[in-house]
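Chain by chain, the residues:
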Amino acid sequence: MSAEFVAIIPIKRFTEGKSRLAPIFRKLQRKRIVKSVFEIVLREVLKSNFKKVWIISNDNLIKAKYGSIPRVDLLFDEHYDLNTTLQAKFRIAALQSLVPVYLPGDLPLITSNDINNILQKSLDGRNLTIIPDRKWKGTNCLVVPKHLVEDFVPLLGKVSYYSHLSQAKLNSWPITTFEVFSVSNDLDTVEDLKIISKYL
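1. Considerations on the overall build of the protein chain
Then comes step 1: Across its full length, the protein chain holds seven helices and seven strands.
Then comes step 2: Traced from its N-terminal end to its C-terminal end, the protein chain shows the element sequence β-α-β-α-β-α-β-α-β-β-α-β-α-α.
Then comes step 3: If one aligns the C-alpha atoms of the protein chain with their principal axes, the spans along those axes are about 45 × 35 × 30 Å.
Then comes step 4: Counting all 200 residues of the protein chain, 50% fall into the buried class.

Take a look at the structure:
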């Protein structure tokens, strides 16, 4: 029987996102950008091979807008810490016989085809799968096998790719890692925007 996957997408209030774009965009403009990019991610995720989609947010406006979409659940961020929250949600997913897949909400080039390719290359969720950002420093996607959720520790941060890779090698976990252009290019900085705008 093939694995069933759940996409886990944490999202802040739209007004709080992308402060590093402040040199060229006002707060209202940044809010619109964050919302638009998140909706691109959600659209492509819903077209992909996920049984469920979990949006992690404490924003009532986000819950009101997206909570009624079929297959989408809004989950509370009870820890107010991204890594701790993800670890808890990964474990809940495994208890529901779902393979958890972390995706950030700031991937404007993401496609459902690329998402499905990642799921396939995870060997049906049996390999810990790490997709780096374009600089091979951060982590832009994680597929965590159900049997690893009790031991795997999310370490998202500036050099999280190396942290996750080291953790996997130290524990001799089966691992898959490769770059995916549409997933590896997130939108955080003015430099990111210049690169991504060439493909929009």
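2. Quick look at the packing of aromatic side chains
Then comes step 1: Considering all chains together, one arrives at nine aromatic pairs under this definition.
Then comes step 2: Plain terms: the ring middles of F76 and Y80 are 6.3 Å apart, the flat faces sit at 90 degrees to each other, and that makes the pair edge-to-face.
Then comes step 3: Take F76: its relative accessible area is 40%, and that puts it in the partly exposed class.
Then comes step 4: Here Y80 falls in the exposed class, since its relative accessible area comes to 60%.
Then comes step 5: Note on W136 and Y161: the rings are 5.4 Å apart at their centroids and 85 degrees apart in plane angle, and the pair reads as edge-to-face. Of this pair, W136 sits in the loop between β5 (128–132) and β6 (139–143) while Y161 sits in helix α5 (residues 160–170), and the two are 25 residues apart along the sequence.
Then comes step 6: Clustering of aromatic rings is evident, with ring pairs tying together F14, F38 and Y66.

3. Details of the pattern of salt bridges
Then comes step 1: Counted according to the given criterion, the structure contains 13 salt bridges.
Then comes step 2: For the salt bridge of R13 with E16, the shortest nitrogen-to-oxygen distance reads 3.5 Å.
Then comes step 3: Between K18 and D188 there is a salt bridge, with the nearest N and O atoms lying 2.6 Å from each other. Of this pair, K18 sits in the loop between β1 (5–10) and α1 (27–46) while D188 sits in the loop between α6 (181–184) and α7 (190–196), and the two are 170 residues apart along the sequence.
Then comes step 4: What you see here is one network of salt bridges that share partners, running through K18, R20, D106 and D188.

4. With respect to the environment of Q96
Then comes step 1: You can see Q96 is positioned in the loop between α3 (82–95) and β4 (99–102).
Then comes step 2: Remark: the alpha-carbon pair of Q96 and E4, spanning 92 residues in sequence, is separated by 9.8 Å.
Then comes step 3: Residues contacting Q96, with those up to four places away along its chain left out, are K52 and W54.

5. A short note on the pairing of β1
Then comes step 1: Counting buried residues along β1, six of its six residues qualify, which places the element largely inside the surrounding structure.
Then comes step 2: Alternating residues of β1 divide into F5, A7 and I9 and V6, I8 and P10, and every residue in both groups is buried.
Then comes step 3: Sheet topology note: the β1/β4 ladder contains four bridges and is parallel. Among the inter-strand pairings, V6 is bridged to a residue of β4, identified as P100.
Then comes step 4: Judged from the five bridges that link them, β1 and strand β2 (residues 52–56) form a sheet pairing that is parallel. Paired with I9 across the strands is I55, a residue of β2.
Then comes step 5: Between β1 and its parallel partner β2, the chain crosses via α1, and the hand of that crossover is right-handed.

6. Quick notes on unusual backbone geometry
Then comes step 1: Of note in this structure, Y80 is not a glycine but carries a positive phi near 55 degrees.
Then comes step 2: Checked against the element boundaries, Y80 lands in the loop between β3 (72–75) and α3.
Then comes step 3: Positive phi values are uncommon outside glycine, yet S172 reaches one of about 55 degrees.
Then comes step 4: Along the chain, S172 falls in the loop between α5 and β7 (175–177).
Then comes step 5: The exposure class assigned to S172 is exposed, which follows from its relative accessible area of 63%.

Conventions and cut-offs
- Residues numbered from 1 in each chain as written.
- Predicted model: local features only at pLDDT ≥ 70, side-chain atom pairs only at ≥ 80, totals over all residues.
- Heavy atoms only, no water.
- Helix = DSSP H or I, 4+ residues; strand = E, 2+ residues; numbered from the N terminus.
- Buried < 20%, exposed > 50% of the residue type's maximum accessible area, 1.4 Å probe, protein only.
- Phe/Tyr/Trp six-rings, centres within 6.5 Å; stacked < 30°, edge-to-face > 60°.
- Salt bridge = Lys/Arg side-chain N within 4 Å of Asp/Glu carboxyl O.
- Contact = heavy atoms within 4.5 Å.
- Pairing = 2+ DSSP bridges.
- Right-handed = clockwise from strand over helix to strand, strands pointing away.

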